[in-house]
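An overview of the molecular structure
Residue-level listing of the chains:
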Amino acid sequence: MKFSFAHNNINVLDLQKSMEFYEKALGLKETSRIESEDGSFTIVYLGDGVTPHNLELTWLRDWDRPYNLGDNEFHLALRVDDFEAAHELHKEMGCICFENEAMGIYFIADPDNYWVEIIPSHM
């Protein structure tokens, strides 16, 4: 028996805003979508065009408050081939929420305050 990663899911309040953020900040693009017949939810899968792994964004029509992320001790991590250019883009976007210069990494926060770790490709 062998398992392989398929996707990670996060729930979002504003699907369009989140999709625009992930495309601008990380270059992720929609790969597929599921919409319920009654309009109660939409699921959008985003991919990097390189790996088969997807980020699943789930929007729930009846959810009316920010998601409780607790201590937010979980995160996604993406490698980037041009760390300096990525850092500059994210600085311009105002989404850097934590930097660890000693480790050579930083985190960005999406519109729902989920954290994404950005690491150089050599790590």
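See above for the structure.
Now for a look at the structure at hand.

So, how was this worked out
- Residues numbered from 1 in each chain as written.
- Predicted model: local features only at pLDDT ≥ 70, side-chain atom pairs only at ≥ 80, totals over all residues.
- Heavy atoms only, no water.
- Helix = DSSP H or I, 4+ residues; strand = E, 2+ residues; numbered from the N terminus.
- Polar contact = N/O pair within 3.5 Å; in protein donor to acceptor, adjacent residues only side chain to side chain.
- Contact = heavy atoms within 4.5 Å.
- Salt bridge = Lys/Arg side-chain N within 4 Å of Asp/Glu carboxyl O.
- Buried < 20%, exposed > 50% of the residue type's maximum accessible area, 1.4 Å probe, protein only.
- Pairing = 2+ DSSP bridges.
- Axes fitted to C-alpha atoms, helices over the stretch in contact; angles between N-to-C directions.
- Nonpolar A, V, L, I, M, F, W, Y, C, P; charged D, E, K, R; others polar.

Things to note about the side chain of Asn11
- With respect to the element layout, Asn11 can be found in strand β1 (residues 7-12).
- A distance of 3.0 Å separates polar atoms of two side chains, one belonging to Asn11 and the other to Asn9.
- Apart from residues lying up to four places away in sequence, Asn11 is in contact with Thr58, Leu60, Tyr67, Asp112 and Tyr114.

Looking at the pattern of salt bridges
- Applying the stated criterion to the full structure yields 5 salt bridges.
- Arg33 serves as the salt-bridge partner of Glu30, at 3.0 Å between the closest nitrogen and oxygen.
- By relative accessible area, which is 38% here, Glu30 ends up partly exposed.
- Using a relative accessible area of 35% as the deciding quantity, one classes Arg33 as partly exposed.
- Glu35 serves as the salt-bridge partner of Arg33, at 3.5 Å between the closest nitrogen and oxygen.
- Residues joined by salt bridges that share partners form a network here, namely Glu30, Arg33 and Glu35.

A look at the sheet that holds strand β7 (residues 105-109)
- An order of β5-β8-β7-β6 is seen for the 4 strands of this open sheet, with the pairing classed as mixed. The open sheet has two edge strands, β5 (76-80) and β6 (96-100), and neither has a second partner. When strand polarity is set aside, the average angle formed by the axes of neighbouring strands in this sheet is 25 degrees.
- Where β5 meets strand β8 (residues 115-120), 5 bridges bridge the pair, whose relative direction is parallel. Considered in β8, the bridge of Ala77 is made with Glu117.
- Sheet strands in contact with helix α1 (residues 15-26) are β5, β7 and β8, and its direction is about 155 degrees off that of β7.

Some remarks on the packing of α1 against helix α2 (residues 83-93)
- The N-to-C vectors of α1 and α2 enclose an angle of 145 degrees; their axes lie 9 Å apart at closest approach. Contacts between α1 and α2 involve Phe21, Lys24, Ala25 and Leu26 from the first element and Leu89, His90 and Met93 from the second.
- When the residues that make up the contact of α1 with α2 are grouped by side-chain class, the tally is 5 nonpolar, 1 polar and 1 charged.

Note that every value here comes from positions in space, so none of it alone points to a role or purpose.
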